[in-house]
Amino acid sequence: MELLKTLTQTPSVPGRESRIRAVLEDYLNASGCFDEIEIDSMGNLIAVRRARPEPDTVVSNPLRVMLAAHMDQIGFLVRHIDDNGYVRVNPVGGFDTRNLFARKVRVCTGEGDLPGVMNPSGRPIHIATDDEKKKVPVISDFFIDLGMEAEAVQSRVRIGDMVVLDGPFQEVGDYVASQCLDNRVGCWAQIRAIENLTYHNCDIYAAFTVQEEVGLRGAMPAAFGIEPHIGVACDTTLCCKTPGVPDEERVSVAGAGLALHVMDSSMISDIGLIEDFEAVAVKNNIKSQRAILPRGGQDGAMIQRSRGGVRTIALACPIKYIHTVTEMAHRDDLEAYHRLLTAWLTSL
Ligand SMILES: [Zn+2]
């Protein structure tokens, strides 16, 4: 869990992935599990693990399998600093503004990080009118208070600096809870799956992609460069088996194993790959479940449609309270995630 914790506590929003990329690159280099590590022009980090067949076997023309986990998280970029030193932001990724009240944030500047607090403009509840109490603010209503004089803010903070919410990594019962488990879980699972491997006949390209949260922008050039035979998007999905949501809208069930995304609004997974993963899961006694997400997409859509088309499946860890600082992932699902991916890679 130390690696997952570190990944969740390293800020990196779309277009500002250098910090998480550096953490991942250091870890991947130190692991000794990869033959080549490269970074493409957009900033995707691609770690290659060549086929390692059993002794006395030769594999000619190994299958190229691309794994893809986006390493960005939802956040903000500084848009404006006003005359009083209050900072306005532009979102990069989809926030529910009801979750943004009274948040601690971190403004990441070229000269270090500044702690701040985020609130919507307007009166506190004691003096708010009845109408004001009912209003759900939009993102542009929120501002950040850095507790510093205006000149100090203006000299430290620049338009385009990254801002993230501050949320600790905690173990909560059978779960881990943190911000940005979407998608540090996918990054973590890809690494664990490859660390588990002994022999395998495919070449594995583990891509850690950029700018997924603003429209799957990094995965397509990564897939074009890799030219895989099979694509596997490693991400997270909704788990709405929680109060207030009808059971038919739950999408996935926490603790029921790795979710095989049958479809979402960005792609339909290759049904043959779904069945292959299910067969490997049964054979190895690993839990899996099928899930359909009516709205939402992930990197697999771009891999599937690159070049002449690629057989692609999307894998997902069920996450409760997704896109908040209290995202929760069940330990059994984390375990099933990397074990099933390892077993499938070994089966090729
Ligand atoms: Zn995601």
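None of the values given here were measured: they were computed from a predicted structure.

Draft legend 1. Representation of the nonpolar core within the structure. Counting 54 residues, the largest nonpolar core has F208, V232, L315, L341, W344 and L345 as the members making the most contacts within it. Among residues more than four places away in sequence, those in contact with W344 are V65, I230, V232, L273, D276, F277 and V280. Of all hydrophobic cores here, the second largest spans 21 residues; its members include V78, V89, V107 and I144.

Draft legend 2. View of the pairing of strand β5 (residues 87-92). Pairing geometry for strand β4 (residues 75-81) and β5, over six bridges, is antiparallel. Counterpart to V78 in the pairing with β5 is V89.

Draft legend 3. Focus on the domain arrangement of the chain. In terms of domains, the chain is made up of domain 1 (2-73 + 179-347) and domain 2 (75-165). When each unit is reduced to the centre of its C-alpha atoms, the spacing between domain 1 and domain 2 is 32 Å. The interface is formed by 14 residues belonging to domain 1 together with 16 residues belonging to domain 2. For the pairing of domain 1 and domain 2, the buried interface totals around 1200 Å² over both sides, and the portion due to carbon and sulfur atoms is 57%. The largest share of the area that domain 1 buries against domain 2 comes from V13, R16 and R19, three residues that together contribute 36% of it.

Draft legend 4. Looking closely at the sheet that holds strand β12 (residues 203-209). Within the open sheet, the eight strands sit side by side as β1-β2-β12-β3-β13-β16-β14-β15. Their pairing is mixed. Only two strands of the sheet have a single neighbouring strand rather than two, namely β1 (36-39) and β15 (288-292). Between one strand and the next, the sheet's axes are offset by a mean angle of 25°, whatever the strand orientation. One ladder, built from three bridges, connects strand β14 (residues 258-263) with strand β16 (residues 311-319); its direction is antiparallel. Opposite H261, over in β16, you have A314 as the bridge partner. Sitting on the sheet, helix α5 (residues 181-196) is in contact with β2 (45-49), β3 (64-70), β12, β13 (230-238) and β16, with an inclination near 145° to β3. This element, helix α9 (residues 331-347), spans β3, β12, β13, β14, β15 and β16 of the sheet and lies at about 160° to β16.

Quick notes on the rules
Residues numbered from 1 in each chain as written. Predicted model: local features only at pLDDT ≥ 70, side-chain atom pairs only at ≥ 80, totals over all residues. Heavy atoms only, no water. Core = buried A, V, L, I, M, F, W, Y, C linked by side-chain atoms within 4.5 Å. Buried < 20%, exposed > 50% of the residue type's maximum accessible area, 1.4 Å probe, protein only. Contact = heavy atoms within 4.5 Å. Pairing = 2+ DSSP bridges. Helix = DSSP H or I, 4+ residues; strand = E, 2+ residues; numbered from the N terminus. Domains from an automatic or database assignment. Buried area = accessible area lost by both parts, 1.4 Å probe. Axes fitted to C-alpha atoms, helices over the stretch in contact; angles between N-to-C directions.

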